[in-house]
Amino acid sequence: MSAHPDEISSPPVSVPIKGMHCASCVGRVEKAIATVPGVADVSVNLATEKASVSFLGPVDLDAVIAAINKAGYSAVLASAEFSIAQMTCDHCVKTVEEAFRGVTGVVDATVNLATGAGVVRYVSSITDPHSIAKAATEAGYPTREIKTGAAPPPSHAAHHHGDAETLARDARLALILTLPVFLLEMGAHFIPGLHGFLMDTIGMQPIRIAEFVLTAIVLFGPGRQFFTTGVPALLRGAPEMNSLVALGAGAAFLYSTLATFAPQLFPEGTAQVYFESAGVIVTLILFGRMLEARAKGRAGAAIERLVGLQPQSAAVLKGGEAVDTPLDQIVVGDVVLVRPGEKIAVDGVVVEGSSFVDESMLTGEARPVQKAAGSDVVGATINTTGSFSFKVTKIGADTALSHIIRLVEQAQGAKLPIQALADKITARFVPVVMGIAAATFLLWLLLGPAPSLSHALVAMVSVLIIACPCAMGLATPMSVMVGAGRGAELGVLFRKGDALQRLSEPRTAALDKTGTITKGAPELTDLAPAPGFASDELLAAVAAVEARSEHPVAAAIVAAARAKGLAIKPAEQFLAKTGYGVEAIVEGRKISIGAERFMTELGVDVSVFAQEAARFAAEAKSPLYAAIDGRLAGLICVADPLAEGAASAVAALRGLGFRLVMVTGDNRKTAAAIANAVGIDRVIAEVLPEGKVAEVRRLQTENGRVIFVGDGVNDAPALAAADIGLAIGKGTDVAIEAADAVLIGGDLRAVAAAVALSRATMRNIKENLFWAFAYNVVLIPVAAGALYPFFGIMLSPMLAAGAMAFSSIFVVLNALRLRGFMPPAGYGAEAVGAPRSIAPAAAPAAEADLAGARLR
């Protein structure tokens, strides 16, 4: 069910669900939630075991959870206990309860006036105890979580680890009980004389009774989960994977039980027992699910590592002393002390001290970043050498790390377009298999050789057991989960889940220049003093004037002077002339800085620097002149340097088969020189921000699907217009709404990594889907007895159970191979190719084709 995006008034909420085992379960949960009034869109993911639900109006979680429960599944709710202060009457209780229930994600809240405590049940993927406590505090009742009263909600890996441990215990018990049954029934086929010995010493009936007892314990002990889930689903008319197992194992057990205690009901020679089949089926599937649960836990490892980065406490300065404070008790405005080697707990701004901070977990940049008063710091990064204190600006869900985790979870839970075919088939899969099983039973019963009833039972049970909708349901989401997690480790955040698929399709990439191919921050590159002036004298004088300006070029000059330790004297009578330059009085001397036209206006001859200025301009550097008291003092060049790895990124994208185009608002010569330096052949220059959209659409017309890479701020329209928009993030700048994916490290080489990861993920998904479909298409007929007329071969239900368990495990393990994905050469390590020296532009046109021919 879906609505027009403009009509959806609430963002999607994610609800964890327990009890889903296959794609049929997914379809039923989606249908159940879709019937809830106000639901605009619903998508259920089997791998993450979550439902993403959007509403047209207010979020009605109670109705969604009721629908999930009615469908035979259960929403996973967390519980937290809170201590509430300043309550004096029942009205206070009602106010706090209303505050709790007003938090999106809270399902139920109960407050006790006598104890001053409250218990809240909530959906952990939507809210957290901090947000819940904050709501009550803002209502006038200071509230904090009581840690000892409620454990934090289990993580993805912890959840699957717990499942795996339970399944391992059940599987071991089932194996211990099934092994004697298997040896008693099948040993005679492998050990000469064993059958006669058993018949003479024990007898057939006692052996069958022992097998009945042991198998009954297996089915209704460790294997009870198949019946408690599968049978109710069958009775609701919504059979799923557990229903097939319950029917198959149950039919073999029931037939064997009747053959043991009422053999007179069967035709002569057909009262066979299949206790070993029923027991082995349950045992093998339990072992398969245990391995699957362990593998699923590993699939969520990326999120686990991100969550584990954050420390649990910090040293908060109180009264001049550092007090170790739990993370959940830190509030905005607190001042936190960070010592050498410690992790920074939350986001903030440095107020005292300095150090170098390792931000590689956030940006991928291995070199520590210098921090001083006024610098931003991000939670989970590591302080290296010095000590400093910072003021807390963001906590809880507002921190950069929490934002990254949410983006990764959203991408991991996305349903890709390629999954549509699998969903359509699996929605009808289980009923079709049951129909095939029934038809198989009748055909063998009517046409099969004697004993036809036994053959019919074996074939029917094999069909029910070998069918595996789990593999089809897991094929796409498992790959998406692992792929998106690996992307996060490489600094690639997929804001929109389907971007993981769409990124694999384009073969044309349009790149912005400033802040993408270049660093986006000008630097002083050259300084040539005129005769009679010293270099440091010239730089100090110019910096004194530029210190009064906020222009990026001015900042570059001032930064260069400070880096050399030059004293920056105060400037008076500062004047900025738009399009020309600036001037001011410094220590009684009039200093003027600007372009050649400014010097011409002042009557200053700059011809002595004509050759140098032309050369610098051809190298994408901006030449400026300085005059002191009307006399030419020197030539100054400022440039926006190439971003680290820009040439390597271009080479890597070429290696992936991309046509590359630079789209920039900069002048023709500068743009052409930058393009030549990194290896881009086609340049579209002097384009206004709004004009970039038209250029992107023109490229789409010429070349098909287009990726646009920009800095995510002034490039927002082009990012939105492209088929895929990749935003170059800078540290904490990860919330770029116009982009489909964010490269949080600001490294252009991550574009090639993102594309290669997308292609690897899609290849992995196609492998999984091929296996899942081919497995069922080939083996269901084999289980039905298709080979018997030609080779006299019938598939044992035990082999069918093993094949079914292996099918799901294969899909999960194949998806896990993406954890070992390595990006193209040049990303994060050694460069693909060294940057070429910046050379003069070859074409004067606004759109230059430096290779001599357009790329069509």
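In this text, all values refer to a predicted model and were calculated from it rather than measured experimentally. (Residues numbered from 1 in each chain as written. Predicted model: local features only at pLDDT ≥ 70, side-chain atom pairs only at ≥ 80, totals over all residues. Heavy atoms only, no water.)

Let's talk about the overall build of the protein
Alright, step 1. The helix and strand tally for the protein stands at 29 helices and 31 strands.
Alright, step 2. Counting over 856 residues, the protein shows a buried share of 52%.
Alright, step 3. A sequence separation of at least 24 residues applies to 71% of the contacts in the protein between residues at least 6 apart. (Helix = DSSP H or I, 4+ residues; strand = E, 2+ residues; numbered from the N terminus. Buried < 20%, exposed > 50% of the residue type's maximum accessible area, 1.4 Å probe, protein only. Contact = heavy atoms within 4.5 Å.)

Focus: the side chain of D512
Alright, step 1. When you line up the elements, D512 lands in the loop between β19 (508-511) and α18 (513-517).
Alright, step 2. Take D512: its relative accessible area is 3%, and that puts it in the buried class.
Alright, step 3. Here K692 takes part through its side chain, which lies 2.8 Å from a polar atom of the side chain of D512.
Alright, step 4. Filtering out sequence-adjacent residues up to four positions away, D512 remains in contact with I517, V663, K692, F708, V709, G710 and D715. (Polar contact = N/O pair within 3.5 Å; in protein donor to acceptor, adjacent residues only side chain to side chain.)

Remarks on the sheet that holds strand β16 (residues 382-383)
Alright, step 1. Pairing within the open sheet is antiparallel, and its three strands lie in the order β14-β13-β16. Each having just a single partner strand, β14 (369-371) and β16 make up the two edges of the open sheet.
Alright, step 2. Of the strand pairs in this sheet, strand β13 (residues 355-358) and β14 are connected by three bridges, and their pairing is antiparallel. Its bridge partner being in β14, S355 is matched across the sheet by K371. (Pairing = 2+ DSSP bridges.)

What about the environment of M290?
Alright, step 1. Relative to the helices and strands, M290 is located in helix α10 (residues 275-299).
Alright, step 2. Along the backbone, M290 and R169 are 121 residues apart, and their C-alpha atoms lie at a distance of 9.4 Å.
Alright, step 3. Those residues in contact with M290, other than ones at most four positions away along the chain, are A164, L167 and A168.

Quick notes on helix α16 (residues 469-489)
Alright, step 1. With 21 residues, α16 extends 31 Å between its outermost C-alpha atoms, agreeing within 8% with the 30 Å of an ideal straight helix rising 1.5 Å per residue.
Alright, step 2. Among the residues trailing α16, G491 stands out with phi positive, at a value near 85°. (Expected span 1.5 Å × (residues − 1).)

Notes on the side chain of T440
Alright, step 1. With respect to the helices and strands, T440 occurs in helix α14 (residues 419-447).
Alright, step 2. Discounting residues that sit within four places of it in the chain, T440 has contacts with A459, M460, V463 and A784.

Quick notes on the sheet that holds strand β25 (residues 631-639)
Alright, step 1. Taking strand neighbours across the sheet as the criterion, the six strands line up as β20-β25-β24-β23-β22-β21 in an open arrangement whose pairing is antiparallel. Each having just a single partner strand, β20 (523-529) and β21 (572-577) make up the two edges of the open sheet. Each strand of the sheet is rotated relative to its neighbour by a mean of 20°, with strand direction disregarded.
Alright, step 2. The sheet contact formed by β21 and strand β22 (residues 581-586) spans four bridges and is antiparallel. Looking across to β22, one finds that A576 is bridged to V582.
Alright, step 3. On top of the sheet, helix α20 (residues 552-563) reaches β20, β24 (622-628) and β25; it is set at about 105° to β25, its chief contact.
Alright, step 4. Where helix α22 (residues 610-618) meets the sheet, it contacts β20, β24 and β25, and its direction lies at approximately 15° from that of β25. (Axes fitted to C-alpha atoms, helices over the stretch in contact; angles between N-to-C directions.)

Considerations on the UniProt feature "transmembrane region" (unreviewed entry) in the protein
Alright, step 1. Look at the UniProt record and you will see "transmembrane region" (unreviewed entry) annotated at residues 173-191, 203-223, 244-266, 272-291, 425-447, 453-476, 769-791 and 797-816.
Alright, step 2. Strand forms 0% of residues 272-291 and helix 85%; the C-alpha atoms that close the span are 33 Å apart.
Alright, step 3. The straight-line gap between the two end C-alpha atoms of residues 797-816 is 29 Å; of that span, 100% is helix and 0% is strand. (UniProt positions renumbered as here; feature names shortened; annotations may be inferred.)

Notes on unusual backbone geometry
Alright, step 1. At the junction of A450 and P451, the peptide bond is cis and its omega measures out at -10° in the coordinates.
Alright, step 2. Here P451 shows up in the loop between α14 and α15 (452-466).
Alright, step 3. Even without being glycine, A380 reaches a positive phi, approximately 85°.
Alright, step 4. Note on placement: A380 falls in the loop between β15 (376-377) and β16.

Focus: the pattern of salt bridges
Alright, step 1. Scanning all chains against the criterion turns up 22 salt bridges.
Alright, step 2. The residue D723 makes a salt bridge to R705 at a minimum N-O spacing of 3.9 Å. Here D723, found in the loop between α26 (716-721) and β29 (724-728), pairs with R705, found in the loop between α25 (689-703) and β28 (706-710); they are 18 residues apart in sequence, far enough to count as distant.
Alright, step 3. Judged by its relative accessible area of 24%, D723 is partly exposed.
Alright, step 4. Residue classification places R705 among the partly exposed positions, given a relative accessible area of 43%. (Salt bridge = Lys/Arg side-chain N within 4 Å of Asp/Glu carboxyl O.)

Let's talk about the pairing of strand β1 (residues 13-18)
Alright, step 1. The sheet contact formed by β1 and strand β3 (residues 50-55) spans four bridges and is antiparallel. Across the sheet, residue V15 finds its bridge partner in β3, namely A51.
Alright, step 2. Looking at chain direction, β1 and strand β4 (residues 74-75) are connected through two bridges and run antiparallel. Bridge pairing in β4 places K18 opposite S74.

Overview of the packing of α15 against helix α27 (residues 749-784)
Alright, step 1. For the pair α15 and α27, the least separation of the axes is 8 Å and the interaxial angle reads 165°. Considered as vectors, α15 and α27 are oriented roughly antiparallel to each other. Remark: the crossing between α15 and α27 carries right-handed chirality. Where α15 approaches α27, its residues A459, S462, V463 and I466 are matched on the opposing element by Y775, N776, L779, I780, A783 and A784.
Alright, step 2. Grouping the constituent residues of the contact of α15 with α27 by class yields eight nonpolar, two polar and no charged. (Parallel < 35°, antiparallel > 145°, perpendicular 65-115°, else oblique. Left-handed = near helix turned anticlockwise from the far one by under 90°. Nonpolar A, V, L, I, M, F, W, Y, C, P; charged D, E, K, R; others polar.)

Describing the confidence of the model for the protein
Alright, step 1. Looking at the protein, the pLDDT average stands at 81 and 86% of residues meet or exceed 70.
Alright, step 2. Per-element confidence in the protein is highest for strand β11 (residues 335-338), whose mean pLDDT is 94, and lowest for strand β31 (residues 847-849), whose mean pLDDT is 40.
Alright, step 3. For the stretch residues 1-6, pLDDT sits under 50, and the model shows ten contacts to residues farther than four places along the chain or on other chains.
Alright, step 4. When the criterion is pLDDT under 50, residues 148-154 qualifies, and its contacts beyond four places in sequence or with other chains add up to ten contacts. (pLDDT = per-residue confidence, 0-100.)

With respect to the pairing of β25
Alright, step 1. Of all nine residues in β25, eight are buried, a share of seventy percent or more.
Alright, step 2. Relative to β25, β20 runs antiparallel, the two sharing six bridges. Counted as the bridge partner of P529 is G634 from β25.
Alright, step 3. Summarising the sheet, β24 and β25 pair through seven bridges and their orientation is antiparallel.

What to know about the nonpolar core
Alright, step 1. With 154 residues, the main nonpolar core has M20, I33, V53, I517, I707 and L748 as its most contacted residues.
Alright, step 2. When residues in this core are grouped by element, the largest group, 16 residues, is from α27.
Alright, step 3. Aside from chain neighbours lying at most four places away, what touches V53 is P11, P12, V13, I33, V39, D41, V42 and V64.
Alright, step 4. Counting residues in hydrophobic clusters, the runner-up holds 38 residues, among them I557, F598, V604 and A626. (Core = buried A, V, L, I, M, F, W, Y, C linked by side-chain atoms within 4.5 Å.)

Overview of the environment of I674
Alright, step 1. Checked against the element boundaries, I674 lands in helix α24 (residues 668-678).
Alright, step 2. The class for I674 is buried, based on a relative accessible area of 3%.
Alright, step 3. The spacing of I674 and L642 is 32 residues in sequence and 7.7 Å in space, taken between C-alpha atoms.
Alright, step 4. Aside from chain neighbours lying at most four places away, what touches I674 is K513, I517, T518, A620, D640, L642 and M662.

Digging into the packing of aromatic side chains
Geometry of an aromatic ring pair is reported as the spacing of the ring centres plus the angle between the planes.
Alright, step 1. As enumerated under the stated definition, the model contains 14 aromatic pairs in all.
Alright, step 2. Ring centres of F212 and F253 lie 5.6 Å apart, and the angle between their planes is 15°; this geometry places the pair in the stacked category. Pair noted here: F212 is in helix α7 (residues 204-220) and F253 is in helix α9 (residues 241-261), with a separation of 41 residues, a long-range link.
Alright, step 3. Overall, F212 belongs to the partly exposed group, its relative accessible area being 23%.
Alright, step 4. F253 sits in the buried class, given a relative accessible area of 10%.
Alright, step 5. Members of the aromatic cluster, each reached through a chain of ring pairs, are F212, F220, F227, F253, F261 and F275.
Alright, step 6. It is R597 that lies over the ring of Y580; its NZ or CZ is 5.8 Å from the centre. (Phe/Tyr/Trp six-rings, centres within 6.5 Å; stacked < 30°, edge-to-face > 60°. Lys NZ or Arg CZ within 6 Å of the ring centre and 35° of its normal.)

Concerning the packing of helix α23 (residues 646-655) against α27
Alright, step 1. Viewed as axis vectors pointing N to C, α23 and α27 meet at an angle of 25°, and their least axial separation amounts to 7 Å. When the axes of α23 and α27 are compared, the pair comes out roughly parallel. Taking contact as the criterion, the partners of S648, A649, A652 and L653 in α23 are, on α27, R749, V751 and A752.
Alright, step 2. The residue inventory of the contact of α23 with α27, partitioned by class, reads five nonpolar, one polar and one charged.

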